[in-house]
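# Descriptive analysis of the structure
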Amino acid sequence: MQTEASVSKKQVVQEAVIQLIIFKLGSEEYGVRIEQVKEVTITPEIAQMPKTPAFVKGIANLRGDIIAIIDLEERFGLRRGHQPTTEGLSYTLAIEAKDYTIGIVVREVPQPLSLPISAIEKAPEFIQDNGIQEKYIEGIARLEGRIIIVLDMMKLLTPAEIMQLNTRGESSGARSRT
């Protein structure tokens with residue numbers, strides 16, 4: 001009996017599962033590890049901020065926290081021509097890192113997905129963003145004819161961008177209290 005138990009334990013270890021939150025950017029599917037997502041909500045009202053990169057849509061009040069709202073389609077250059085940035089209802093994934101929380105705007109309701117960790121292959125070096133030292137594409141998942149680009153949200157922003165967001169968030173938070 002112990003051998004059966006040890007065999008089943010090995011199967012569990014071999015079949016480790018990862019949970020992702022899946023969303024679309026442009027026409028492609030992207031995923032982030034569920035533990036990186038604090039919450040998913042309908043996008044709150046966004047206040048535009050001056051002198052921010054084009055992909056930073058502004059700041060929003062999310063349950064009492066002022067967070068930067070980022071448009072990854074803009075960041076990744078996925079929007080074609082003069083396609084509008086907001087059409088109707090959108091959703092925000094609140095991503096919580098050690099030093100900051102940001103909101104990622106997505107157009108469709110994000111869906112959870114569990115898949116074997118073996119389904120995620122390492123991303124080829126040539127598809128990584130040369131402008132960012134840390135590689136934020138964790139891998140490419142293939143599942144039932146689907147290709148899902150798995151992002152590591154903790155590596156998406158450069159240290160300079162994080163500093164810029166923290167400075168703006170602190171100053172806007174201070175203004176709202178007075």
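Relevant structure appears above.
Note that this is a predicted model, so its numbers are computed, not measured.

What counts as what
- Note on numbering: residues in each chain are counted from 1, in written sequence order.
- pLDDT decides what is reported in this predicted model: residues at 70 or higher carry local features, side-chain atom pairs at 80 or more are listed and counted, and totals for whole chains, interfaces and linings draw on all residues regardless.
- Note: side-chain values were computed over all heavy atoms of the structure, leaving out hydrogens and water.
- Per the convention used, a helix needs a DSSP run of H or I reaching at least four residues, while a strand needs a run of E reaching at least two, with both numbered from the N terminus.
- When a residue's accessible area, from a 1.4 Å probe over protein chains only, is under 20% of the maximum for its type it is buried; when over 50% it is exposed; and in between it is partly exposed.
- Definition used for salt bridges: Asp or Glu carboxyl oxygen within 4 Å of a side-chain nitrogen of Lys or Arg.
- Definition of a polar contact: a pair of N or O atoms within 3.5 Å, with one able to donate and the other able to accept a hydrogen when the atoms are protein atoms, and with sequence-neighbouring residues admitted only if both atoms are side-chain atoms.
- For two strands to count as paired, DSSP must find a minimum of two bridges between them.
- Structural elements are reduced to axes, namely lines fitted to C-alpha atoms, with helices fitted over the stretch in contact, and the angle between N-to-C directions of any two is expressed from 0 to 180 degrees.
- For this analysis, residues touch if any pair of their heavy atoms sits within 4.5 Å.
- We call Phe, Tyr and Trp rings a pair once their centres come within 6.5 Å, taking the six-membered ring for Trp, and we label the pair stacked below 30 degrees between planes, edge-to-face above 60, and tilted otherwise.
- Whether a charge sits over a ring depends on NZ of Lys or CZ of Arg being within 6 Å of the ring centre and within 35 degrees of the ring normal.

Trans peptide bonds make up most of the peptide bonds, and negative phi angles are found at most residues other than glycine. A positive phi angle is found at Arg-63, which is not glycine, with a value near 55 degrees. By secondary structure assignment, the location of Arg-63 is in the loop between β4 (56–62) and β5 (65–70). For Arg-63, a relative accessible area of 65% gives the class exposed. Here the phi dihedral of Glu-144 falls at roughly 50 degrees; this positive angle occurs in a residue that is not glycine. If you trace the backbone, Glu-144 turns up in the loop between β10 (137–143) and β11 (146–151).

Right, let's talk about the pattern of salt bridges for a bit. In total, this model carries 10 salt bridges according to the counting rule given. Asp-71 serves as the salt-bridge partner of Arg-107, at 3.3 Å between the closest nitrogen and oxygen. Of the two residues, Arg-107 sits in the loop between β7 (101–106) and β8 (111–116) while Asp-71 sits in the loop between β5 and α2 (72–76), which places them 36 residues apart along the sequence. The residue Glu-73 makes a salt bridge to Arg-107 at a minimum N-O spacing of 3.2 Å. Within this pair, whereas Glu-73 is found in helix α2, its partner Arg-107 is found in the loop between β7 and β8, the two being separated by 34 residues in sequence. The class of Glu-73 is buried, set by a relative accessible area of 7%. Each member of the salt-bridge network shares a partner with another, and the members are Arg-33, Glu-35 and Glu-138.

The subject of this paragraph is the side chain of Asp-71. Given a relative accessible area of 2%, Asp-71 falls into the buried group. Among the polar contacts made by the side chain of Asp-71, one reaches the main-chain amide nitrogen of Glu-73 at a distance of 3.0 Å.

With that settled, consider the sheet that holds β4. Sheet strands associate in pairs through backbone hydrogen bonding, adopting either a parallel or an antiparallel arrangement. Read from one edge to the other, the open sheet built from five strands follows the order β3-β6-β7-β5-β4, with strand pairing classed as mixed. The sheet terminates laterally at β3 (37–42) and β4, the two strands that pair on one side only. Taken over all neighbouring pairs, the strand axes of this sheet differ in orientation by 30 degrees on average, direction set aside. Bridging between β5 and β7 involves three bridges; their strand directions are parallel. Paired with Ala-68 across the strands is Ile-102, a residue of β7.

Moving on, we come to the side chain of Thr-92. Summarising the element assignment, Thr-92 is placed in strand β6 (residues 91–96). When sequence neighbours within four positions are dropped, the list of residues in contact with Thr-92 reads Glu-39, Val-40, Thr-41, Thr-43, Pro-44, Ile-69, Gly-103, Ile-104 and Val-105.

Once that is clear, we can look at the packing of aromatic side chains. Summed over the entire model, instances satisfying the criterion amount to three aromatic pairs. Between Phe-76 and Tyr-136 the ring centres are 5.5 Å apart and the planes differ by 0 degrees, which places this aromatic pair in the stacked class. With Phe-76 in helix α2 and Tyr-136 in the loop between β9 (120–121) and β10, the pair connects residues that are 60 residues apart, well separated along the chain. A relative accessible area of 6% places Tyr-136 in the buried class. Ring-pair connections join several aromatic residues into one group, and the members of that group are Phe-23, Tyr-30, Phe-76 and Tyr-136. Over the ring of Phe-55 we find Arg-75, and its NZ or CZ is 4.5 Å from the ring centre.

The next point concerns the sheet that holds β9. The strand order across the open sheet formed by six strands is β8-β1-β2-β11-β10-β9, and the pairing between neighbours is mixed. Every interior strand has two partners, whereas the edge strands, β8 and β9, have only one. Judged from the six bridges that link them, strand β1 (residues 17–25) and β8 form a sheet pairing that is antiparallel. Among the inter-strand pairings, Gln-19 is bridged to a residue of β8, identified as Ser-114.

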